[in-house]
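Here is what each chain is made of, one letter per residue.
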Amino acid sequence: MGRVTMAAETADRQASVERHNEAACPVVRAIDRIGTPWRLNVVHALAGGEMRFNGLKEATDARSKTLSDALDALVEHGIVDRRMEEAAPVAVYYSLTPKGRALLDVLDELDDWAREWEDAAPR
């Protein structure tokens, strides 16, 4: 079987799974956007308000590249806003967008669920 055929079969299978699980797809997409520990740490750190890169680095204990990647993804998905002050010295600030602030309520609910069930024995 050639690569083109395998790729087509994989794409067909993915489309079939998405059609079959259509109700779950928005949740899966949301988790894909925010579902890395670093992205969640950034959102949590920004819950207290606007921060600069080094402040976020200290708050999350992330390496520069890791933090930069997480911020880029969160900005791309409209969860975090990036604001630059051009005055010398140039300063970049990050804050949650309204979409990001709305996410905090969801994460609070997930935190409640996790605390209740994380040590529960499987049934």
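The rules behind these values
- Throughout this description, residue numbers start from 1 for each chain and increase along the sequence as written.
- Side-chain atom pairs in this predicted model are given and counted only at pLDDT of 80 or more, local residue features only at pLDDT of at least 70, and totals for whole chains, interfaces and linings cover all residues.
- Calculation of side-chain values draws on the structure's entire complement of heavy atoms; hydrogens and water are dropped beforehand.
- Throughout, nonpolar core names a set of buried Ala, Val, Leu, Ile, Met, Phe, Trp, Tyr and Cys residues whose side chains join them through atoms within 4.5 Å.
- When a residue's accessible area, from a 1.4 Å probe over protein chains only, is under 20% of the maximum for its type it is buried; when over 50% it is exposed; and in between it is partly exposed.
- Each helix is a run of DSSP H or I of at least 4 residues and each strand a run of E of at least 2, with the numbering of both proceeding from the N terminus.
- Orientation is described by lines fitted to C-alpha atoms, with helices fitted over the stretch in contact, and by angles between N-to-C directions that extend from 0 to 180 degrees.
- Any angle that falls under 35 degrees is termed roughly parallel, while one over 145 is termed roughly antiparallel, one within 65 to 115 roughly perpendicular, and all others oblique.
- Crossing chirality is assigned from the near helix's rotation relative to the far helix, an anticlockwise turn below a right angle marking it left-handed and a clockwise turn marking it right-handed.
- Whether two residues are in contact is decided by their heavy atoms, any of which lying within 4.5 Å being enough.
- Strand pairing requires that DSSP identify at least two bridges connecting the strands.

Chemist: Just give me the short version of the nonpolar core, but keep the residues and values in it.
Modeler: The biggest cluster of nonpolar side chains holds 17 residues, and the ones touching the most others in it are Val42, Leu46, Leu56, Leu71, Ile79, Val80 and Tyr94. When contributions to this core are tallied by element, the ones reaching two or more residues are α3 (37-46), α5 (64-76) and β3 (91-96).

Chemist: So what's going on with the packing of α3 against helix α4 (residues 53-60)? Residues and values would help.
Modeler: Put simply, α3 and α4 touch, their axes get as near as 10 Å, and they point 115° apart. The pairing of α3 with α4 is recorded here as roughly perpendicular in orientation. The handedness of the crossing between α3 and α4 comes out as right-handed. Residues Trp38, Asn41, Val42, Ala45 and Leu46 of α3 lie in contact with α4, whose contacting residues are Leu56, Ala59 and Thr60.

Chemist: Tell me about the sheet that holds β3, and name the residues and values.
Modeler: Strand pairing within a sheet occurs via backbone hydrogen bonds; the two strands may be parallel or antiparallel. Here we have three strands laid out as an open sheet, ordered β1-β3-β2, and antiparallel in their pairing. The two strands at the open ends of the sheet, each matched to only one other strand, are β1 (51-52) and β2 (80-85). Two elements, β1 and β3, share two bridges in a ladder whose sense is antiparallel. When the bridges of β3 are listed, Arg52 appears paired with Tyr93. Packing of α3 onto the sheet brings it into contact with β1, β2 and β3, and relative to β3 it is tilted by some 90°.

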